[in-house]
Amino acid sequence: MEANFFYRLSLILHHEGGFVDHEDDPGGASNKDITHKTYAEFLGRPLEDVDELKNIPEEHVQEIYKKNYWDRVMADELDTGLDLATFDWAVNSGPGRPARVLQSLVGAKEDGVIGPKTMARIKDTDTVVLLNALAKNRADYYRSLKNFDTFGKGWLRRNEENLEAALEMREA
């Protein structure tokens, strides 16, 4: 549900923190996990300097997360908890990866775009089963990355906390 977006975003931003520019991060400098490239694309122009990214307005953060991640995984239509898990993984790895995994889990065509056919299959599948399978796939994906030794502990913690929060939402 769209009303859930702002609460889910607050949970995700808890993990994202602020500005970072780690040499081993292939995305380069980012603020609240919005990269220099993503923010420039959003503005429709090159950034003047890195300070522009450091001082990104909250409204821009919200618009980017909504358009680039929440909407792209059809989170408005996903069940409670599944919206958070899918949205968070989309933020962390791009929307195509969690979409393809969900499609695989429900036996839909794996094209990385959640459309009406995929959504129908998702709705016919137990959400708790999907949440657990999504979290397992996410952890396996992280372990396969070359920079897992650098970032893996944080990624796995985020994945576990995300699953816990999503399951708690299901119980509420």
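Data block above holds the structure.
Conventions adopted
- Residues numbered from 1 in each chain as written.
- Predicted model: local features only at pLDDT ≥ 70, side-chain atom pairs only at ≥ 80, totals over all residues.
- Heavy atoms only, no water.
- Helix = DSSP H or I, 4+ residues; strand = E, 2+ residues; numbered from the N terminus.
- Rg over C-alpha atoms; globule rule 2.2 N^0.38 Å.
- Buried < 20%, exposed > 50% of the residue type's maximum accessible area, 1.4 Å probe, protein only.
- Contact = heavy atoms within 4.5 Å.
- Core = buried A, V, L, I, M, F, W, Y, C linked by side-chain atoms within 4.5 Å.
- 1 Å grid on protein atoms, 1.4 Å probe; cavity = no way out; pocket = protein on both sides within 12 Å on 5 of 7 lines; lining within 4 Å.
- Points joined across faces, edges and corners; volume = space filled by probe spheres on them.
- Nonpolar A, V, L, I, M, F, W, Y, C, P; charged D, E, K, R; others polar.
- Axes fitted to C-alpha atoms, helices over the stretch in contact; angles between N-to-C directions.
- Parallel < 35°, antiparallel > 145°, perpendicular 65-115°, else oblique.

*Asks:* Explanation requested: the overall build of the protein in the structure shown.
*Replies:* If you tally the helices and strands in the protein, you get nine helices and three strands. In the protein, the order of α-helices and β-strands from amino to carboxyl end is α-β-β-β-α-α-α-α-α-α-α-α. Relative to a compact globule of 172 residues, whose C-alpha radius of gyration would be 16 Å, the protein shows 16 Å and is just as compact. C-alpha atoms of the protein, sized along the principal axes, occupy 50 × 35 × 30 Å. A burial count over the protein gives 44% of its 172 residues as buried. Summarising the internal contacts of the protein: among those between residues at least 6 apart in sequence, 57% fall at separations of at least 24.

*Asks:* In this structure, what is going on with the nonpolar core? I would like to understand it.
*Replies:* For soluble globular proteins, nonpolar side chains are generally found buried alongside one another. Within the largest apolar cluster, 46 residues are counted, with the highest numbers of intra-cluster contacts made by Tyr65, Leu82, Phe87 and Ile122. Looking at this core, the elements with two or more residues in it are helix H1 (5-16), helix H2 (36-43), helix H4 (58-70), helix H5 (82-93), helix H6 (96-106), helix H7 (116-123), helix H8 (127-144) and helix H9 (148-171). Ignoring any residue separated from it by four or fewer positions in sequence, one finds leucine 82 in contact with Leu102, Ile122, Thr127, Leu130, Leu131 and Leu134.

*Asks:* So what exactly am I meant to see when it comes to empty space enclosed by the protein here?
*Replies:* All told, the structure shown has one cavity of 30 Å³ or more when counted by the stated rule. Empty space within the largest cavity amounts to approximately 60 Å³. Together, Ala85, Trp89, Leu131, Leu134, Ala135, Arg138, Asn159, Asn162 and Leu163 line the largest cavity. Elements represented by at least two residues in the lining of the largest cavity include exactly H5, H8 and H9. For the lining of the largest cavity, the leading source of residues is H8, giving four residues. When its residues are assigned to classes, the lining of the largest cavity shows six nonpolar, two polar and one charged.

*Asks:* Can you walk me through the packing of H8 against H9 in this structure?
*Replies:* Relative orientation of the contacting elements H8 and H9 amounts to 175°, with a least axis distance of 9 Å. Taken together, the axes of H8 and H9 are roughly antiparallel relative to one another. Between H8 and H9, the residues in contact are Thr127, Val128, Leu131, Asn132, Ala135, Arg138, Ala139, Tyr142 and Arg143 and Phe148, Trp155, Leu156, Arg158, Asn159, Asn162, Leu163, Ala166, Leu167 and Arg170, respectively. Split into classes, the residues belonging to the contact of H8 with H9 amount to eleven nonpolar, four polar and four charged.

*Asks:* Before we go on, may I ask you to explain H6 in this structure?
*Replies:* Side chains that are three or four residues apart share a direction in an α-helix, a result of its 3.6 residues per turn. Residues of H6 that are buried include every one of Gly96, Pro98, Ala99, Val101, Leu102, Gln103 and Val106, and no others. On its buried face, H6 sits against H5, H7 and H8. Positive backbone phi, at 75°, marks glycine 107, one or two positions downstream of H6.

*Asks:* Whenever I open this one, H2 confuses me. Can you help?
*Replies:* Here H2 has its buried residues at Thr38, Tyr39 and Ala40. Directly beyond the C-terminal end of H2, a positive phi value near 75° is found at glycine 44.

*Asks:* Quick question: what am I supposed to make of the environment of tryptophan 70 here?
*Replies:* Tracing the backbone shows tryptophan 70 in helix H4. Classification of tryptophan 70 as buried rests on a relative accessible area of 0%. As a C-alpha pair, tryptophan 70 and isoleucine 34 span 36 residues in sequence and 14 Å in three-dimensional space.

*Asks:* How should the layout of surface pockets be read in this particular structure?
*Replies:* Considering only enclosed or pocket space, the largest pocket measures out at about 1,100 Å³ in volume. Considering the residues around the largest pocket, the lining is formed by 38 residues, among which Glu16, Asp25, Asp33, Val91 and Asn92 are closest to the centre. Of all the secondary-structure elements, those providing two or more residues to the lining of the largest pocket are H1, H2, H4, H5, H8 and H9. Among the elements that line the lining of the largest pocket, the one with the most residues is H9, at six residues. Considered class by class, the residues forming the lining of the largest pocket number twelve nonpolar, 15 polar and eleven charged.

By themselves these figures say nothing about function.
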